[in-house]
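Descriptive analysis of the structure
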Amino acid sequence: IIPKIKNNDLFFDTELLILASQSNFSIKEIPVTWKDENQRKTKIKIFKTSFDYFKEIIKIKVRLKKTH
């Protein structure tokens, strides 16, 4: 699956899950407790990132539609 991934940014893991699901792999959720010792502020801009994710979802839907 990894060679099929086109995005190397924040969308990488989402694309990995989408491709795994499309390939009928079983996906297991494992809970994680996250602690940020430094309490740093995020550098992610929520609206820009959300819009970028939306564009990536459209791209992968188009790409998957072409392969099926």
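Throughout, a residue's number is its position along its own chain's written sequence, starting from 1. Local features in this predicted model are restricted to residues of pLDDT 70 or higher, and side-chain atom pairs are both shown and tallied only at a pLDDT of 80 or more, whereas totals for entire chains, interfaces and linings draw on every residue. Where side-chain values are given, they derive from all heavy atoms of the structure, hydrogens and water being excluded.

Turning next to the overall build of the chain. The way it works is that DSSP assigns letters per residue, a run of H or I at least four long becomes a helix, a run of E at least two long becomes a strand, and they are numbered from the N terminus. If you tally the helices and strands in the chain, you get two helices and zero strands. For 68 residues, the compact-globule estimate of 2.2 N^0.38 gives 11 Å, and the C-alpha radius of gyration of the chain, at 15 Å, exceeds that figure by more than 25%. Projected onto its principal axes, the C-alpha coordinates of the chain cover approximately 45 × 30 × 15 Å. The burial tally for the chain puts 15% of its 68 residues in the buried class. Pairs at least 24 residues apart make up 57% of the contacts formed inside the chain by residues separated by at least 6 positions. Looking at the chain as shown, the accessible area adds up to about 6700 Å², and 59% of this sits on carbon and sulfur atoms. Asp and Glu count as negative and Lys and Arg as positive, but His and the ends of the chain are not part of the count. Think of each charge as sitting on NZ of Lys, CZ of Arg, CG of Asp or CD of Glu. Averaging the positions of the 15 positive and the 8 negative side-chain charges in the chain gives two centres separated by 6 Å. As a reference, a globule follows 2.2 Å times the number of residues to the power 0.38, and the radius of gyration itself is taken over C-alpha atoms. The buried label applies to any residue whose accessible area, calculated with a 1.4 Å probe on protein chains only, is under 20% of its type's maximum; exposed applies above 50%, and partly exposed to all values in between. When checking whether two residues touch, look at their non-hydrogen atoms; a contact exists if any pair is within 4.5 Å. Accessible surface is estimated by sampling points in the Shrake-Rupley manner with a 1.4 Å probe; for residues, cover comes only from the protein chains shown.

In this fold, Q22 is placed in helix α1 (residues 12–22). Sequence-wise, Q22 and K43 are 21 residues apart; in three dimensions their C-alpha atoms are separated by 32 Å.

Attention now goes to a nonpolar patch on the surface. The residues that make up patches have over 30% relative accessible area and no salt bridge, and they are joined within 9 Å when like-charged or within 5 Å when they are Val, Leu, Ile, Met, Phe, Trp or Tyr. Only one rule defines a salt bridge in this text: a Lys or Arg side-chain nitrogen within 4 Å of an Asp or Glu carboxyl oxygen. Residues F51, F54, I58 and V62 make up a contiguous nonpolar surface patch of roughly 400 Å² in combined accessible area. Within the secondary structure layout, I58 lies in helix α2 (residues 46–67). Overall, I58 belongs to the partly exposed group, its relative accessible area being 41%.

Our focus in this paragraph is α1. Within α1 the residues assigned to the buried category are E15, L19 and A20. Seen from one end, α1 has its buried residues packed into an arc of 135 degrees, which puts them on one side. Immediately beyond the C-terminal end of α1, within one or two residues, lies N24, with a positive phi of roughly 65 degrees. Arc, as used here, means the arc of the directions from the helix axis to the C-beta atoms.

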